[in-house]
Amino acid sequence: MTSASSSPVTVEMLAAFSDAWNRHDLPALMSFMHADCVFETAAGPEACGARHSGTEAVAAAFEAAWKNFPDAQWRNGRHFVAGERGVSEWTFTGTAADGSRVEADGVDVFTFQDGKILVKNAFRKMRPALPKA
């Protein structure tokens, strides 16, 4: 539920969040996250992928995306907001340290609280790595 002192989340806010991902701007990203934030990754050992709870754990997990794919980008963003829920669609591109490349569509499913992102739940198509450039 959005409190009276916070603004509701908008499509423009999700677009700005996406822009921060593409700039690899961790402080900007974390400014969108609720103090009790949770990030559920697209891959991992749990049914949810891997769950990171709290600002320190979420920040470390966000940063890992850029360590694994230094040129990571989330392109073709389309964003939707419906009350306390939202979705961002995107195409992820990145090159791993071994030179293999990824290009796959995905979505983030969001839960909002107090005008911030409480939960970011990521889903990405599983596609074989592309040949080295």
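Residues numbered from 1 in each chain as written. Predicted model: local features only at pLDDT ≥ 70, side-chain atom pairs only at ≥ 80, totals over all residues. Heavy atoms only, no water.

## Overview of the layout of surface pockets
To keep it simple, the criterion reads: A 1.4 Å probe that fits but cannot get out identifies a cavity on a 1 Å grid over protein atoms alone, an open set with protein on both sides within 12 Å along at least five of seven lines counts as a pocket, and a residue lines either if it has an atom within 4 Å of a point. Grid points are joined across faces, edges and corners, and a volume is the space filled by probe spheres set on the points. Helix numbering and strand numbering both begin at the N terminus, where a helix is a DSSP run of H or I of at least 4 residues and a strand a DSSP run of E of at least 2. Residues are grouped as follows: Ala, Val, Leu, Ile, Met, Phe, Trp, Tyr, Cys and Pro are nonpolar; Asp, Glu, Lys and Arg are charged; every other residue, Gly included, is polar.
Considered as a void within the structure, the largest pocket measures approximately 540 Å³ in volume. Phe39, Ala42, Ala65, Trp74 and Arg124 are the residues nearest the centre of the largest pocket, which is lined by 25 residues in total. Breaking the lining of the largest pocket down by element, the ones donating at least two residues are α1 (11–23), α3 (55–68), β3 (73–82), β4 (85–95), β5 (101–113) and β6 (116–124). Of the residues in the lining of the largest pocket, the class split is 16 nonpolar, six polar and three charged.

## Details of the sheet that holds strand β2 (residues 51–53)
Basically, it comes down to this: Strands are labelled as partners when DSSP assigns at least two bridges between them. Orientation is described by axes fitted as lines to C-alpha atoms, over the contacting stretch for helices, and by angles from 0 to 180 degrees between their N-to-C directions. Residues count as neighbours in contact if any of their non-hydrogen atoms are within 4.5 Å of one another.
Strand order in the open sheet made by the six strands is β2-β1-β6-β5-β4-β3, with mixed pairing throughout. Strand pairing shows two members of the sheet lacking a second neighbour, β2 and β3, which therefore form its edges. Taken over all neighbouring pairs, the strand axes of this sheet differ in orientation by 15° on average, direction set aside. When β5 meets β6, the two strands line up antiparallel, connected through eight bridges. Following the sheet pairing, glutamine 113 is matched in β6 by lysine 116. Sheet strands in contact with α1 are β1 (33–40), β3, β4, β5 and β6, and its direction is about 160° off that of β3. The sheet strands contacting α3 are β1, β2, β3, β4 and β6, and the helix crosses β1 at an angle near 50°.

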